[in-house]
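Summary of structural features
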Amino acid sequence: DGDLDLFFGGYYGGNYYGNVTFMENIGTVQNPEFGPGISAPFGIDLEYSGNPEFADFDNDGDLDVLIGTYFGFSPVTYYENIGTATAPEFANPQANPFGISVTYTFISNIDAADLDNDGDIDVVVNAYYGNFFYFENTGTPETPTFTNAGDLDLPLSFAYLRSTEFVDLDGDGDLDLLQHDYTSYVYGSSVFYTENIGDAETPTFDAPQGSPFGIFGLYVYAGNYSSITAGDMDNDGDIDVWVGTDFDGLLYFENTSAINAAPLSEDTFIEVDENDSYLFATSDFPIIDPEGDELVEVQITALPSVGMLTFKSLSVNLNQVIPVANLGGIAYTPLPDEFGNNYDSFQFKVSDGFNFSNDSYTMTVNVLEGQNTTPSSEDITIAMQESTAYSFATADFPFNDPDGDAFAALRISSLPGAGLLTLAGTPVISDQEIPTAEIEELLFTPVAGESGQPYTSFTFQVGDGENFSAGTNTVTVNVGDNVSTQSALELAHWDLSPNPARSFVQMEGQLLEDVDQLSLRLFNSQGQEIHQQRVTLGSEGRFNERVTLSNLTPGIYWVQLATSKKYTTKKVILQ
């Protein structure tokens, strides 16, 4: 109902065993007035209960409760709220829930807070003889799993029993520690304040200060079995403190410091390019503060419905609080290839370190049209006979572009580890860009006499005139007498004779498929093309062509039968 009610547990209390009591605030937010105490409220009936700790442990919008116990055979008990935020109803109790495991402790006090600022609730269990257990939530806000993570390196003095309350007392955006210790007669104070001098994600705590801020400023034997809690009891924008004692009942300490007014902000917007991400800055979250305080924290109070809002590459959780120093870790990413004004939005609150703004404000996301989508390609394999050269064609490099742009250029991202890649006779260099019109001049030549499957490889990217493909693809090169690839499927049944040859070689055969044009190409042992002629086709794709060799020196040569997309090669020896 918008005001703070009072829940407390006790060792004996007014009822020897009924140790949970509820007092409803029947006054107002600013001027609380509490009704009569109700034992075992809402079905919460636990013998020997310690302090109840309320939090939304399952992130369903209502308050659940963890209770520590005395005579700790089950030191931690959990009641899930299966009702609503305004009409709570609690399920049957669960002992040691969510992986919280504490051995027999005699007495345990519970505290819950987001101690590492990751958007979920962590738990602290304070046991007898001063044992302190920090259980980090390594699950999710909806399905918590608690893992014992040590003691936070707190500078704790010895105490038979300790109650802790993590709260941002100094308004700097991180959680400090208030603690109430039993055995105050040793140290002269039962209340201690430990400032967090680290940050919200990685707390580091200073040495404790006794009787801080005027709380319990007297020598106390009555600390005994006691606890402490904090909240804005009178809704004036600051933190007040309650201390429970064994003999002096409940002590209330009102924060009478100057009231800091809640800051304001304003609805705003960002613009992000299509297929890009927007990284936020402090200036994206305006703060209007009556005292002139600067922005300390931002809370995300409603998530975007279309794109993705992330913090340090992880999805932002609802109501996650992010310190100003880390706002650069927030990023918004729209869905691929989508754009538009008022494309998406989320809501936020701002904090000056003392208060969050009372209202949430809207961050509208506009996604700008016209950003070019990067093309993509695929890995390919080429094959050639030993001591030949491979002449590339544009069609050798697959090109896919969501925008329908044409293949404009090829980039050689890395060079082959063996052989030579040349363009118009000049060695290609790494990251060289080749217009598609010049790809026909791109030639790969293996070292004479070498072979392998694979023989070597190199990588490439394809471009549409604005962007090259984001990743690289690989050309695998196979060299040998019996190699094949999709572009080197068998094209014809054919043969060369005589072989070895002296002054000529005759090429005779029959095509296995219809083609518009067939060429004969002759390569020397260095992979250089030294002759080309068009093949005349007869009926049923038959052909018979003579290649003159009389003007060549003896050695190994390669005869290639080729269309625009396929080829087949045979070796001829010239004597």
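Residues numbered from 1 in each chain as written. Predicted model: local features only at pLDDT ≥ 70, side-chain atom pairs only at ≥ 80, totals over all residues. Heavy atoms only, no water.

Turning our eyes to something else, we now look at the pairing of strand β42 (residues 555-562). Where burial is concerned, most of β42 is hidden: six out of the eight residues are buried. Of the strand pairs in this sheet, β42 and strand β43 (residues 567-574) are connected by eight bridges, and their pairing is antiparallel. Considered in β43, the bridge of Y557 is made with V572. (Buried < 20%, exposed > 50% of the residue type's maximum accessible area, 1.4 Å probe, protein only. Helix = DSSP H or I, 4+ residues; strand = E, 2+ residues; numbered from the N terminus. Pairing = 2+ DSSP bridges.)

Taken together, the side chains of D337, E338, D403 and E466 present a region of like negative charge at the surface. By the element assignment, E338 lies in the loop between β25 (330-333) and β26 (340-351). Owing to a relative accessible area of 30%, E338 belongs among the partly exposed residues under this scheme. (Patch = residues over 30% accessible without salt bridge, like charges linked within 9 Å, V, L, I, M, F, W, Y side chains within 5 Å. Areas by Shrake-Rupley, 256 points an atom, 1.4 Å probe, with all protein chains shown as cover. Salt bridge = Lys/Arg side-chain N within 4 Å of Asp/Glu carboxyl O. Lys, Arg positive; Asp, Glu negative; His and termini not counted. Charge placed at Lys NZ, Arg CZ, Asp CG, Glu CD.)

Let us look at the confidence of the model for the protein. Here the protein averages 84 in pLDDT, and 87% of its residues register 70 or above. Low pLDDT, under 50, characterises residues 217-224; the predicted model gives this stretch 20 contacts beyond four residues in sequence or across chains. Contacts from residues 482-489, a stretch scored under 50 in pLDDT, to residues over four places away or in other chains number 20 contacts. (pLDDT = per-residue confidence, 0-100. Contact = heavy atoms within 4.5 Å.)

Here the focus is the sheet that holds strand β31 (residues 420-423). Pairing within the open sheet is antiparallel, and its four strands lie in the order β29-β34-β31-β32. Of all the strands in the sheet, the pair left with one neighbour each is β29 (390-391) and β32 (426-427). Strand direction decides the pairing type here: β31 and strand β34 (residues 442-445), joined by four bridges, are antiparallel. Bridge assignment links L421 to a residue of β34, and that residue is F444.

Here D495 is to be found in strand β37 (residues 492-497). Taking the C-alpha atoms as reference, D495 lies 5.9 Å from M507; in sequence the two are 12 residues apart. Apart from residues lying up to four places away in sequence, D495 is in contact with Q506, M507, E508 and K570.

Quick look at the packing of aromatic side chains now. Applying the stated rule across the entire model yields 23 aromatic pairs. Ring geometry for Y78 and F98: centres 4.8 Å apart, planes at 65°, overall edge-to-face. Remark: F98 occurs in the loop between β7 (94-95) and β8 (108-113) and Y78 occurs in strand β6 (residues 76-79); sequence separation between them is 20 residues. Looking at Y78, the relative accessible area reads 2%, which means it is buried. Relative accessible area serves as the criterion here: at 23%, F98 is assigned to the partly exposed category. (Phe/Tyr/Trp six-rings, centres within 6.5 Å; stacked < 30°, edge-to-face > 60°.)

So, on to the sheet that holds strand β10 (residues 132-137). If you walk across this open sheet you meet the four strands as β8-β9-β10-β11, and the pairing is antiparallel. Strands at the two margins of the open sheet, each flanked by one partner only, are β8 and β11 (146-148). The mean inter-strand angle of the sheet, taken between neighbouring strand axes irrespective of direction, is 25°. Across three bridges, the pairing between β10 and β11 is antiparallel. The partner of F135 across the bridge, within β11, is N148. (Axes fitted to C-alpha atoms, helices over the stretch in contact; angles between N-to-C directions.)

With that settled, consider the pattern of salt bridges. By the definition in use, this model includes two salt bridges. Here E433 ties to R411 by a salt bridge, and the two come within 3.0 Å at their closest N and O atoms. Of the two residues, E433 sits in strand β33 (residues 432-435) while R411 sits in strand β30 (residues 409-414), which places them 22 residues apart along the sequence. Accessibility expressed as a relative area gives 45% for E433, which makes it partly exposed. Between R542 and E540 there is a salt bridge, and its shortest N-O distance comes to 3.7 Å. Judged by its relative accessible area of 44%, R542 is partly exposed. On the accessibility criterion, E540 (60% relative accessible area) is exposed.

Attention now moves to unusual backbone geometry. The residue after Q453, namely P454, is reached through a cis peptide bond having omega 5°. One can find P454 in strand β35 (residues 452-463). The residue A40 is not glycine, and still its phi comes out positive at about 50°. With respect to the helices, strands and loops of the structure, A40 is situated in the loop between β3 (38-39) and β4 (49-55). Using a relative accessible area of 30% as the deciding quantity, one classes A40 as partly exposed.

In this structure, F392, F397, L410, L442 and V475 are the most contacted members of the largest nonpolar core, which totals 26 residues. Elements supplying a minimum of two residues to this core: β28 (380-384), β30, β31, β34, β35 and β36 (473-479). Residue contacts for L410: discarding those within four places in its chain leaves F397, Q432, E433, I434, I439, L442, F460, Q461, V462 and F468. F285, F311, Y343 and F346 belong to the second largest nonpolar core, which has 23 residues in total. (Core = buried A, V, L, I, M, F, W, Y, C linked by side-chain atoms within 4.5 Å.)

Once that is clear, we can look at the pairing of strand β21 (residues 297-302). Remark: a regular strand shows side chains that alternate across the two faces of the sheet. Taken across its six residues, β21 has five buried, putting it largely inside the fold. In this structure, β21 lies alongside strand β24 (residues 321-323), joined through three bridges in antiparallel fashion. Directly across from E297, in β24, lies its bridge partner P323. By the bridge criterion, five bridges tie β21 to β26 in an arrangement that is antiparallel. Along β26, the bridge assignment pairs V298 with V350.

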